[in-house]
Amino acid sequence: MNLVDNHLPTQELQALDAAHHMHPFSDTGQLNTKGVRVITKAQGVYLTDSDGNRLLDGMAGLWCVNIGYGRRELGEVAARQMTQLPYYNTFFQTSHPPVIELSRQLAKLAPGDLNRVFFAGSGSEANDTNIRFVRHYWASQDKPEKTVIIARKNGYHGSTIGAASLGGMSAMHAQGGLPIADIEYINQPYWYREGGELSPEEFGLLRARELEETIERLGENKVAAFIAEPVQGAGGVIIPPDTYWPEIQRICDKYEILLIVDEVICGFGRTGNWFGSETFNIKPDIITIAKGMSSGYQPIGGSIISEKIAKIFEDKAGEFNHGYTYSGHPVACAVASENLRILEEENIVDRVADDTGPYLREKWQSLSDHPLVGEARICGMMGALELVADKSGRKPFASEEGTVGFICREHSFANGLIMRHVGDKMIISPPLVISRSEIDELVELAHKTLDQTLEELNKQGLMQAAK
Ligand code: PXG
């Protein structure tokens, strides 16, 4: 028997998990009653669970396994680095070859003059860094009152206290005393649910101009930065109307505020370019990175900052009293470097732009013919289905938000496809290496799942739109 197959029986694993392991974003009581699904191995775009079931991973783990599972090269690099230098810090005026090489690669790949990298262990940590970066940047230029960061409702920037404060998730703010001071929120560019009678273009402009109104209301001298994801991921793959980002860019250029673009999901090929900032023609001062940087093979995040900011840090800011034990961890850096090398060498990002991305788009959009699907939208390799009872009305279901999405997700898992639900939206974000035939399989399984969901909704009397 293969060593990795040699695990305890599923029920025993579930009992131990329930007894000793607490899960993120989970209702502990509910989960322990139901029992977790135990994933034991993975290859390419497929996972295997402890009962031997095969699942097509339509979420690339948690939006991160861009390169797909089972790339030996990454394991080999990790083993070599662990033997040579498993750990050293980057605090005491020291550095090491893996962090230097990864910084070089990132500076080369990142847009514009974003050339300097500050490392963290995750996207959340990187966004905490960003809060301190931008406030200290202004304080160093005798503008300590420029502290407010404008963010968006339903944005997601992580789960530490700082990052969750930047996020606009009301359920997260409701627990643990969030948000921190001096974060302001504007509405999201979510046309399908919030656009009313406006065209997407009109609505995009309207939502972008809330940034300008907020800057004017607070006073430019109080505002440090604006933060946003190019496409909101965890919020439900919300792709802004074409008018949105150009207007945001105009406003950021007009006022003296910094633009932080959170590329934790959109970065490293997800939208068909190396960064979402290229897809939407955004000129950021800082980008947040994590996830696809290492394809999730190692935990690593960071902030890539512009020369303009770096210059202030070099000339005026003094010591920046911030950093993590694992900032620039050698093994994580070596693995991320190898991941980037493979993404480049195998032209994986170009393939998303020119081949598999357009192929998935066509197939995915065909799902909008299904009676349950109000909109099938997609950007590169991230897509969403808006499930509705009334296709022309763009109205939510009468049932509590998420009831239908959950039913659909359960059918999807039972069919061997991992799709995530965000409320009543179904989400995909598959590994970027997914092939055409695997895309066919994904879309066929999604179609079958929609049919079964519709049948169940009809049976339960849930096919009703809200008034
Ligand atoms: N920014 C963005 C845009 C993210 O999507 C983070 C920051 C935080 O990264 P870390 O590495 O600290 O998790 C994220 C993370 C979901 C889900 O349910 C999404 C994320 C994390 C957990 C769950 O879609 N994104």
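Residues numbered from 1 in each chain as written. Predicted model: local features only at pLDDT ≥ 70, side-chain atom pairs only at ≥ 80, totals over all residues. Heavy atoms only, no water.

Draft legend 1. Structural detail: the packing of aromatic side chains. In the structure shown here, the tally under the stated rule is eleven aromatic pairs. Residues Tyr244 and Trp245 carry aromatic rings whose centres are separated by 5.7 Å and whose planes lie at 80° to one another, so their mutual orientation is edge-to-face. For the pair Tyr244 and Trp245, a shared accessibility class is recorded, and that class is buried. Of the aromatic side chains, those joined through ring pairs into one cluster are Phe118, Phe133, Phe313 and Phe320. The positively charged end of Arg54 is found above the aromatic ring belonging to Tyr46, 3.7 Å away from the centroid. In this structure, Arg409 is placed above the aromatic ring of Phe413, and the distance from its NZ or CZ to the ring centre is 5.3 Å. (Phe/Tyr/Trp six-rings, centres within 6.5 Å; stacked < 30°, edge-to-face > 60°. Buried < 20%, exposed > 50% of the residue type's maximum accessible area, 1.4 Å probe, protein only. Lys NZ or Arg CZ within 6 Å of the ring centre and 35° of its normal.)

Draft legend 2. Representation of the site of the ligand. In the neighbourhood of the ligand, 16 residues make up the surrounding shell, with Trp63, Gly123, Ser124, Asp262 and Arg420 lying closest. Note that an oxygen atom of the ligand is positioned 2.2 Å from one of the side-chain N or O atoms of Arg420. Coverage of the ligand by the protein chains reaches 84% of its 530 Å² of free accessible surface. Of all elements in the fold, only helix H3 (60-63) and helix H6 (123-139) reach the threshold of two or more residues within the shell around the ligand. Along the lines of polarity and charge, the residues of the shell around the ligand split into six nonpolar, six polar and four charged. Both of domain 1 (37-70 + 347-460) and domain 2 (73-345) provide at least three residues apiece to the shell around the ligand. (Near = heavy atom within 4 Å. Polar contact = N/O pair within 3.5 Å; in protein donor to acceptor, adjacent residues only side chain to side chain. Areas by Shrake-Rupley, 256 points an atom, 1.4 Å probe, with all protein chains shown as cover. Helix = DSSP H or I, 4+ residues; strand = E, 2+ residues; numbered from the N terminus. Nonpolar A, V, L, I, M, F, W, Y, C, P; charged D, E, K, R; others polar. Domains from an automatic or database assignment.)

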